[in-house]
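One-letter residues, chain by chain:
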Amino acid sequence: MNDKQNSKEDNNTEAVKPIDIDPKDLPKVPAFQDKATREYMASTKEVEPGYYLLESKLKGFTIEFPMNGKIIQRLTENNGEDYETIIFESYNKKTNTSITSDISYFHNKDYTLETVIDSVKGKNGYKGDFNKTRKPEKEIYFAYKKTVFNNPDRKYNDFYMYFGYIKSTEVKHSGIEFSFSVNCNDDKKPCTLNEKKAKKEAYKIIDSITFNVNKKEQKDGK
């Protein structure tokens, strides 16, 4: 983790966690007013407008979480050791669009990059290439596809998918598979589904993911 990220977490992690604060004293947004989601929130301070810091239950990673986001508790789980899945939805009333995200973290799993990429392709029905971005502490493999459903009963049939894999270059054998789906939420209301903006928001959340570094598990022997 670099100095900038350390500073961000130091500034946004509180001694008293939101889960221990009366909801009446918390921000009036779904991320804090929803009990299941509140358990994951690390701070009531915005890391930037509209986003707060969320930390996984296994403390394997943090992510900038949208204020309108709500964790789907029945689909979110961890094994207490080295695997965790967080699934959440975020609804934008202004644009009438929804984002559904699936983030799966694993640690000490000695999978090859090719194996993971093939798995992501299979899960998302994708045969193309991934856009690779190298960062000091991670590598991001990002792909996109658009689906148009042929449903005459719906006015808005466009459906965008953003998916891929993040490999930690600081924590040995740690990675995250992710997928984001973006679509119009309520077909009875006007919908503004902008492809470029949807991609930008999805990538913004993905790029904010930071692996928590345990010095005993850093690069030695990697």
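Since the model is a prediction, treat every value here as computed from it, not as a measurement.

### Examining the confidence of the model for the protein
Phase 1: Per-chain confidence: the protein averages 88 in pLDDT, with 89% of residues scoring 70 or above.
Phase 2: Across residues 215-222, where pLDDT falls below 50, the model places 16 contacts with residues more than four positions away in sequence or in other chains.

### Considering the pairing of strand E1 (residues 41-48)
Phase 1: Looking at chain direction, E1 and strand E2 (residues 51-55) are connected through three bridges and run antiparallel. In the sheet register, Met-41 faces E2, and the bridge partner there is Leu-54.
Phase 2: The hairpin turn running from E1 into E2, its antiparallel successor, is two residues long, and Gly-50 in that turn takes a positive phi close to 85 degrees.

### Details of the packing of aromatic side chains
Phase 1: The final tally for this structure, using the stated rule, is 17 aromatic pairs.
Phase 2: Every member of this aromatic cluster is reached through a ring pair, and the members are Phe-65, Phe-88, Phe-142, Tyr-144, Tyr-160, Tyr-162, Phe-178, Phe-180 and Tyr-203.
Phase 3: Lying over the aromatic face of Tyr-40, Lys-57 brings its terminal NZ or CZ to 4.5 Å of the ring centre.

### Side note on the pairing of E2
Phase 1: Within E2, five of the five residues are buried, leaving the element largely enclosed by the surrounding structure.
Phase 2: In the sheet, E2 pairs with strand E3 (residues 61-66) via five bridges, with the strands oriented antiparallel. Among the inter-strand pairings, Leu-53 is bridged to a residue of E3, identified as Glu-64.
Phase 3: Taken together, E2 and the strand that follows it, E3, pair antiparallel across an intervening segment of five residues, in which Lys-59 is found at a positive phi of about 60 degrees.

How each quantity is defined
- Residues numbered from 1 in each chain as written.
- Predicted model: local features only at pLDDT ≥ 70, side-chain atom pairs only at ≥ 80, totals over all residues.
- Heavy atoms only, no water.
- pLDDT = per-residue confidence, 0-100.
- Contact = heavy atoms within 4.5 Å.
- Pairing = 2+ DSSP bridges.
- Helix = DSSP H or I, 4+ residues; strand = E, 2+ residues; numbered from the N terminus.
- Phe/Tyr/Trp six-rings, centres within 6.5 Å; stacked < 30°, edge-to-face > 60°.
- Lys NZ or Arg CZ within 6 Å of the ring centre and 35° of its normal.
- Buried < 20%, exposed > 50% of the residue type's maximum accessible area, 1.4 Å probe, protein only.

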